[in-house]
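A structural walkthrough
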Amino acid sequence: MNNPEHGIAGFRLTEHTWMTELGNWIDAISPDGRRAGALLFDARLIGLPGVRERVVAAVLTDQRLVLGGLTGLIPVADVVAAGDQVWLLTGQAVSPTLADLLTTAPIEPAGAASALVETAQTLIALHAAGVTHGSVHPGTVVVTSEGAALLSERGLSDAIRGLVSPPERDAAGWAALARGLAASFVAWAPQAAQLFERAAGLAGTLGLAAARGALLAEQALLPGGTIGREGLARAARGRSAFAQPPAHAAAAALPPLPRDEGDIVTLLAPGRAWPGHPGPGQSGSGLSGPEQAGRSGAVQFGPGVSTQEQRPATTAEQIWRSGRPEADTVQRGGGAGGRRVRAARSRRWRTIGSTALFAVIMVGAILAWFRLSDAPDLAIGSVDVKVAKKSYGCDATALVTGVVVTNGGSGVITYEWHKNLDDEVVKGTLQTRSDQTSYQLPLRWSLNGKATAKATATLRIVSPEPPRTDKVSFTYKC
């Protein structure tokens, strides 16, 4: 990076950086001392015709959603250009992600369920507002010091490619996330794993609202019997200094506008870089006139840092607030009349939920009965092995994932993981189902000691025949 001052537009850059499909992410400190993030876009991508304009349009949409009260997104502070470089600056830290946490230690089922519920609710609100995320995976789910799960990079992948992803793509990404988490619980929390698998299936058939509802309705199957953020918060704080809560309460006022530094200019509305903090003659949300008068004021940069004023609720905000877990939305007071109304509403929803669940079970049973007679023999279509990062430091645990695609047949997959740096062979079996064609086989490889080596993990499918293999390599340097 051509960045001799280790900063951009008032943001101080740290040494912690990682690569994604968009470019180079860096943990940063905002001008007012908050933990934040900076993304230096890949010059080969951002320089393509129309990409810069689409990125700016996606960011302006995000800022309007945040101003409207949707708190499930990482807020974007600005998009700036410095010569040929284009930077996206966030108002909140973008690490650690679920991908980071999964490389360190297993996530507790209660915390995994919390992340799934919150990301599903955010996606539901986005779809109600007429937009989609487009790239839902563990690397775009950020976990805060309080254990909240926020989505980053909304719309950026689509902006780079010039696409508009349908809601079904988000649902498929969420389902893959749920199945990946389920795979880590099969051995020691099988009921939780089965619950996550059911939720993944519902996301693809009945939608995200049904999947989220199943997680909330059946949380008694989780160890401890409830959904909670505590374990996820501990994992985040243990993984990243940027998930540590600040030593003192953050000020309620928004940070001042960063000044242009030389050839550094904002690509958003002139004179404005922070959502909710307009410059002279500019509206804080990218709106004007009556629209701005109805939406100004509510900004959320993370738990405990917000400004609000009375205003009409948007559709996305209504869905977000109405769908929060009970612990976040319980109403105090209300008297006996309010309790009777809530009790009646609760009974009505339980009845509707039971009826819907019974219908789903009956449909599944009928389909299974029809398919039983002509179910195909299990066959492997492809094997693809990936690693979360290409380089690991001292005493690290690498997360390697094998994705096996089948023909939809029911049977047992027998597999082996081979590691080139030792003689250990990790063997396992997987029961497949006729209603699923893609499965994840995770391998956690712990490396320690002072060495520099190229580590290669090879996944070998022993049966069904013919045997298939794939491998991936990464660097261990300590």
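Residues numbered from 1 in each chain as written. Predicted model: local features only at pLDDT ≥ 70, side-chain atom pairs only at ≥ 80, totals over all residues. Heavy atoms only, no water.

1. A few points about the overall build of the protein
- In terms of helices and strands, the protein carries 13 helices and 19 strands.
- Across the 478 residues that make up the protein, the buried fraction comes to 45%.
- Intrachain contacts of the protein at a sequence separation of at least 6 include 65% that bridge at least 24 residues. (Helix = DSSP H or I, 4+ residues; strand = E, 2+ residues; numbered from the N terminus. Buried < 20%, exposed > 50% of the residue type's maximum accessible area, 1.4 Å probe, protein only. Contact = heavy atoms within 4.5 Å.)

2. A closer look at the sheet that holds strand E5 (residues 76–82)
- Read from one edge of the open sheet, seven strands run E1-E2-E3-E4-E6-E5-E9, paired in antiparallel fashion. Of all the strands in the sheet, the pair left with one neighbour each is strand E1 (7–8) and strand E9 (264–266).
- In this sheet, strand E6 (residues 85–90) lies alongside E5 in antiparallel orientation, the contact comprising six bridges. Note that in E6 the partner of valine 79 across the bridge is leucine 88.
- Sitting on the sheet, helix H2 (residues 51–67) is in contact with strand E4 (35–41), E5 and E6, with an inclination near 160° to E5. (Pairing = 2+ DSSP bridges. Axes fitted to C-alpha atoms, helices over the stretch in contact; angles between N-to-C directions.)

3. Notes on the pairing of strand E16 (residues 425–431)
- In this structure, strand E15 (residues 412–419) lies alongside E16, joined through seven bridges in antiparallel fashion. Each bridged residue has a counterpart across the sheet, and for histidine 418 the counterpart in E16 is valine 425.
- Where E15 folds back onto E16 in an antiparallel hairpin, the turn is made up of five residues.

4. A look at H2
- With 17 residues, H2 ought to run about 24 Å at 1.5 Å a step, and its terminal C-alpha atoms sit 25 Å apart, in line with that.
- When H2 is considered as a whole, its buried residues turn out to be Val51, Val55, Val56, Ala58, Val59, Asp62, Gln63, Leu65, Val66 and Leu67.
- Glycine 69 sits one or two positions beyond H2 and adopts a positive phi of about 110°. (Expected span 1.5 Å × (residues − 1).)

5. Regarding the confidence of the model for the protein
- Overall, the prediction assigns the protein a mean pLDDT of 79, with 72% of residues at 70 or greater.
- Within the model, pLDDT remains below 50 along residues 324–337, and this stretch shows eight contacts once partners closer than five positions in the same chain are excluded. (pLDDT = per-residue confidence, 0-100.)

6. Considerations on the sheet that holds strand E14 (residues 396–406)
- The strand order across the open sheet built from three strands is E12-E14-E17, with neighbouring strands paired in antiparallel fashion. Two strands in the sheet have a free side with no partner beyond their single neighbour: strand E12 (380–387) and strand E17 (438–447). Mean inter-strand twist for the sheet, computed between neighbouring axes without regard to direction, equals 20°.
- Examined bridge by bridge, E14 and E17 share ten bridges and lie antiparallel to one another. Residue pairing for E17: alanine 398 is matched across the bridge by tryptophan 445.

7. Concerning unusual backbone geometry
- Residues serine 95 and proline 96 are joined by a peptide bond in cis, for which omega reads 0°.
- Examined against the element boundaries, proline 96 turns out to sit in the loop between E6 and helix H3 (98–104).
- Cis geometry is found at the peptide bond from serine 463 to proline 464, where omega equals 5°.
- Topologically, proline 464 is positioned in the loop between strand E18 (452–463) and strand E19 (468–477).
- Although it is not a glycine, glutamate 153 sits at a positive phi angle of roughly 60°.
- With respect to the helices, strands and loops of the structure, glutamate 153 is situated in the loop between strand E8 (149–151) and helix H5 (156–161).
- With a relative accessible area of 8%, glutamate 153 lands in the buried category.
- One non-glycine residue, aspartate 395, lies in positive phi territory at about 50°.
- Here aspartate 395 shows up in the loop between strand E13 (391–392) and E14.

8. Things to note about the packing of aromatic side chains
- What the rule picks out here adds up to four aromatic pairs.
- For the ring pair phenylalanine 185 and tryptophan 188, a centre distance of 5.6 Å and an interplane angle of 85° mean the geometry is edge-to-face.
- One aromatic cluster in this structure is built from Phe185, Trp188 and Phe196. (Phe/Tyr/Trp six-rings, centres within 6.5 Å; stacked < 30°, edge-to-face > 60°.)

9. Thoughts on the environment of glutamine 219
- For glutamine 219, the location among the structural elements is in the loop between helix H8 (208–217) and helix H9 (230–239).
- With 106 residues separating them along the chain, glutamine 219 and alanine 113 place their C-alpha atoms 8.3 Å apart.
- Glutamine 219 has contacts with Gly225, Thr226 and Ile227, leaving out every residue within four places of it along the chain.
- Within the structure, glutamine 219 has its side chain in polar contact with the side chain of threonine 226 (distance 3.2 Å). (Polar contact = N/O pair within 3.5 Å; in protein donor to acceptor, adjacent residues only side chain to side chain.)

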